[in-house]
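The residues making up each chain are set out below.
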Amino acid sequence: MVRSNYQVRCLSLILFFGLSALQSCRGTDFSGNTPTSNKPVPAAATTPDSDPKPGSGPTPGSGPTPGSGPTPGTDPGLSTSTDSNLKPQYPCSSTYEVRATANPYLAGSPDGTAITYAITAGDGPNAVDSAPGQAPVYVSPIGKCMAPGGTLSFAVSGMAAYAAGVAPTDANGNIRNITTHQKNAMFGKSQITAPFNSLLGVFLGEGDPSGQAAPEALDFSQASSRDYTTLAPLIGQVFFIGTGKTSRGGTHRVTVPQGATRLYFAIMDAYQWNNNTGSYSGAVLSDAAP
């Protein structure tokens, strides 16, 4: 068949574009995926160092000092701690429940000792506090941490109130309601001025203190006096413990007086402790390792 020039040109164009199309199809995966040779090269996997870099791990010997943990037999929650001044503190007692009914003026007195208070109509019928019902808490030391001259601090929590229906406070007490003991110094214990509900302490020597002269009163009516960092009470001198901390988070440190053999925890009230409510959890810490 004789083809016209027009037909020859058309056939040439068809062959030309067909070959081009075949070239463009090379390397194409018709599964719809881009050929492997055209995938982005993945970033090299980073393997974490199996060992910390030199110097980044704990310094040898920086762990707890052997024997600095709680003494066997103490409360598990009462562990060695470090205060804001970086002084280590060690357990010096178990943790005690200090009921709000704990009257400091019955500390060291024999069972049956009673104090009769003047009360008003709203105070309830029972005007008498007596031991052991309203006796304060005797703190039994661990080892010799309460030896005279030693330094003690305190771990305290809880809420208490000086009467039923009264809003409770923490162990710093109601700082807007300061009081003193209605009967003043009594049974060898000093008078004290402090917030209602605050946690108190008193050191005693051996025997019934009732016949001993009471020491001078301490005044914790001002924020500055309650914010002490060190205190050296005398035997029989009732003192403020509060939460055991200053307003800036420091630690109250109390020196054990010469001749002291006992420490008691109690609560601040003016009279009639027997109708108080709530309690604190109180424990003693020491700067000296047991």
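Residues numbered from 1 in each chain as written. Predicted model: local features only at pLDDT ≥ 70, side-chain atom pairs only at ≥ 80, totals over all residues. Heavy atoms only, no water.

Counting across every chain of the model gives two salt bridges. Where Glu 97 meets Arg 99, a salt bridge forms, and the shortest distance between an N and an O atom there is 3.8 Å. Overall, Glu 97 belongs to the partly exposed group, its relative accessible area being 49%. Classification of Arg 99 as exposed rests on a relative accessible area of 54%. Across the pair Asp 287 and Arg 253 runs a salt bridge, and its minimum N-O distance is 2.9 Å. On the criterion of sequence distance, the pair formed by Asp 287 in the segment after strand E16 (277-286) and Arg 253 in strand E14 (residues 253-255) is long-range, its members being 34 residues apart. On the basis of relative accessible area, Arg 253 is assigned to the buried category, the value being 6%. (Salt bridge = Lys/Arg side-chain N within 4 Å of Asp/Glu carboxyl O. Buried < 20%, exposed > 50% of the residue type's maximum accessible area, 1.4 Å probe, protein only. Helix = DSSP H or I, 4+ residues; strand = E, 2+ residues; numbered from the N terminus.)

Okay, the sheet that holds strand E6 (residues 137-138) next. Strand order in the open sheet made by the four strands is E6-E15-E10-E13, with antiparallel pairing throughout. Two strands bound the open sheet, and with one partner strand each, they are E6 and strand E13 (239-240). Here six bridges tie strand E10 (residues 199-204) to strand E15 (residues 262-267), and the two strands are oriented antiparallel to one another. Residue pairing across strands places Leu 200 opposite Ala 266, the latter belonging to E15. (Pairing = 2+ DSSP bridges.)

Here we come to the packing of aromatic side chains. Between two aromatic rings, the relevant description is the distance of the centres plus the angle of the planes. On inspection of all chains with the given rule, the structure shows seven aromatic pairs. Ring centres of Tyr 138 and Tyr 264 lie 5.7 Å apart, and the angle between their planes is 55°; this geometry places the pair in the tilted category. A residue pair is termed long-range when its members are at least 10 positions apart, and Tyr 138 in strand E6 and Tyr 264 in strand E15 qualify at 126 residues. For Tyr 264, a relative accessible area of 9% puts it in the buried group. With a centroid separation of 6.2 Å and an interplanar angle of 70°, the aromatic rings of Phe 154 and Phe 265 are classed as edge-to-face. A residue pair is termed long-range when its members are at least 10 positions apart, and Phe 154 in strand E7 (residues 151-161) and Phe 265 in strand E15 qualify at 111 residues. Residue class for Phe 154 comes out buried when judged on its relative accessible area of 4%. Following the ring pairs from residue to residue traces out a cluster consisting of Phe 220, Tyr 228 and Phe 240. (Phe/Tyr/Trp six-rings, centres within 6.5 Å; stacked < 30°, edge-to-face > 60°.)

This paragraph deals with the nonpolar core. In this structure, Phe 154 and Phe 239 are the most contacted members of the largest nonpolar core, which totals 47 residues. Of all elements in the fold, only strand E3 (96-99), E7, strand E9 (192-196), E10, E13, E15 and E16 reach the threshold of two or more residues within this core. (Core = buried A, V, L, I, M, F, W, Y, C linked by side-chain atoms within 4.5 Å.)

We now examine unusual backbone geometry. Residue Pro 132 follows Ala 131 across a cis peptide bond; omega there is 10°. Along the chain, Pro 132 falls in the loop between strand E5 (128-130) and E6. Even without glycine at this site, Phe 187 takes up a positive phi of about 50°.

So, on to the confidence of the model for the chain. Taken over all residues, the pLDDT of the chain has a mean of 78, while the share at 70 or more is 70%. Per-residue pLDDT stays below 50 along residues 10-82; that stretch engages in 34 contacts with residues further than four places along the chain or on separate chains. (pLDDT = per-residue confidence, 0-100. Contact = heavy atoms within 4.5 Å.)

With respect to the helices and strands, Asp 123 occurs in the loop between strand E4 (114-116) and E5. For the buried Asp 123, no salt bridge exists, and the shortest N-O distance to an oppositely charged side chain is 13 Å, to Lys 183. Apart from the residues lying within four places of it in its own chain, the contact partners of Asp 123 are Tyr 271, Gln 272 and Asn 275. (Lys, Arg positive; Asp, Glu negative; His and termini not counted.)

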